[in-house]
Structure formats: structure tokens, C-alpha cells
Amino acid sequence: MSTVVETVTDIVTPILDAQKFELVEVEFVKEGKNWFLRVFIDKEGGIDIEECAFVSEQLSEQLDQCEPDPIPQAYFLEVSSPGAERPLKKEADYQRAVGEYIHVSLYQPIDGEKQFEGFLQSFDENQLVIKTRIKTREKERTIDRKNIAKARLAIQF
């Protein structure tokens, strides 16, 4: 499936660059009997539905012109905003998230926990530091980036 993601990334990037949009993520997944090609896009100030529709139409036209067809099976194309809980994947995502409330899921537990939420204090290529709150106490936790399964912005309740 990574070849589909790579192909779609190569096709959609010039479309997004021309509009000054950012590619957040491309995923090609099977859910039940159906395949979904999801393209998440964003821009400064957020993306709207008309912009998503424009990119969807442009991408669909480009994919239809590809020979051989890079996605031979039937699929649903979805172009959307990553939403308020945007994933943190690239260095620029982490940079923008410094000081923001994030959710981190781990491969291996730390102190018996595999999920943490808190404010991203800092990061480098090897680790990140988040400030978590346990009842009334705040604690800084250093997490190895290779132990991070997923990281995303989170909404604090």
C-alpha cells in the first residue's frame, strides 16, 4: 500500500503547492469491504470545504489520467482537514506544537502507561518533553521519539 501513498503524494504535492496548501498525510486503508484514499490538507488559518473539493477534483482528474492505474481496485477518495486533533508527523508539526496540548501513544509503557497528554515543552530528533498533570502536580516527562506510536494535537477538557 505504501506505493499507492507514495504515488498519490507525488501527484497531489504540485496541486497543493500551487494553492500554498500543506500536505498533512495520505493514507490508503481498507475498512470493511471498502478501500479509502484519504488526503489530509491544511493551510495557515485552516482549510475550508470548497478548498477540499477543489483539491479532490484536481487529484481525481490526475489519477484518472495515470497509465497504468496506480489504484486498480475501487476506492473512495476523501480530501479533508486534519481537524483539531491534527497528527504530528513532520518536524514542522512538532515545531508548531511547542507550547500546545498534545496526546502521545507509545509502543512501550513508561511507568505502566502507554498514553500521555500534556503540553509539549521541547523536542529534538531523539526525544520530546511534555508537561503532564496528575491531579494537582505537574511533571515533565521525557519520551524517546522511537517509542512514539502516534502523536497529535489534543483538546484539553
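Note that the structure is a prediction, hence the values are computed from the model and not measured.

The rules behind the values
- Residues numbered from 1 in each chain as written.
- Predicted model: local features only at pLDDT ≥ 70, side-chain atom pairs only at ≥ 80, totals over all residues.
- Heavy atoms only, no water.
- UniProt positions renumbered as here; feature names shortened; annotations may be inferred.
- Helix = DSSP H or I, 4+ residues; strand = E, 2+ residues; numbered from the N terminus.
- Pairing = 2+ DSSP bridges.
- Axes fitted to C-alpha atoms, helices over the stretch in contact; angles between N-to-C directions.
- Contact = heavy atoms within 4.5 Å.
- Core = buried A, V, L, I, M, F, W, Y, C linked by side-chain atoms within 4.5 Å.
- Buried < 20%, exposed > 50% of the residue type's maximum accessible area, 1.4 Å probe, protein only.

Draft legend 1. Highlighting the UniProt feature "domain: Ribosome maturation factor RimP N-terminal" (unreviewed entry) in the protein chain. As annotated in UniProt, the feature "domain: Ribosome maturation factor RimP N-terminal" (unreviewed entry) corresponds to residues 11-85 in the numbering used here. End-to-end, the C-alpha atoms of residues 11-85 are 26 Å apart, and along that stretch the chain is 35% helix and 32% strand.

Draft legend 2. Spatial organisation of the sheet that holds strand β2 (residues 34-42). Strand order across the open sheet formed by 3 strands is β1-β2-β3, with mixed pairing between neighbours. Each of the sheet's edge strands pairs with one partner strand only, and the pair in question is β1 (22-31) and β3 (76-80). Each strand of the sheet is rotated relative to its neighbour by a mean of 15°, with strand direction disregarded. Here β1 runs beside β2; their pairing, made up of 9 bridges, is antiparallel. Residue pairing in the sheet places V29 in a bridge with F36 of β2. Lying over the sheet, helix α2 (residues 49-65) contacts β2 and β3, oriented at roughly 140° with respect to β3.

Draft legend 3. Up close: the nonpolar core. Core analysis: the biggest nonpolar cluster contains 21 residues, and V8, V39, I41 and L59 have the highest contact counts within it. Elements with a minimum of two residues in this core: α1 (2-19), β1, β2 and α2. If one sorts the elements of this core by residue count, α1 sits on top with 6 residues. Not counting residues up to four positions away in its chain, the partners in contact with V39 are V8, V12, L23, E25, V26, L59, L77, E78, V79 and S80. Of all hydrophobic cores here, the second largest spans 14 residues; its members include Y94, A97, F116 and A151.

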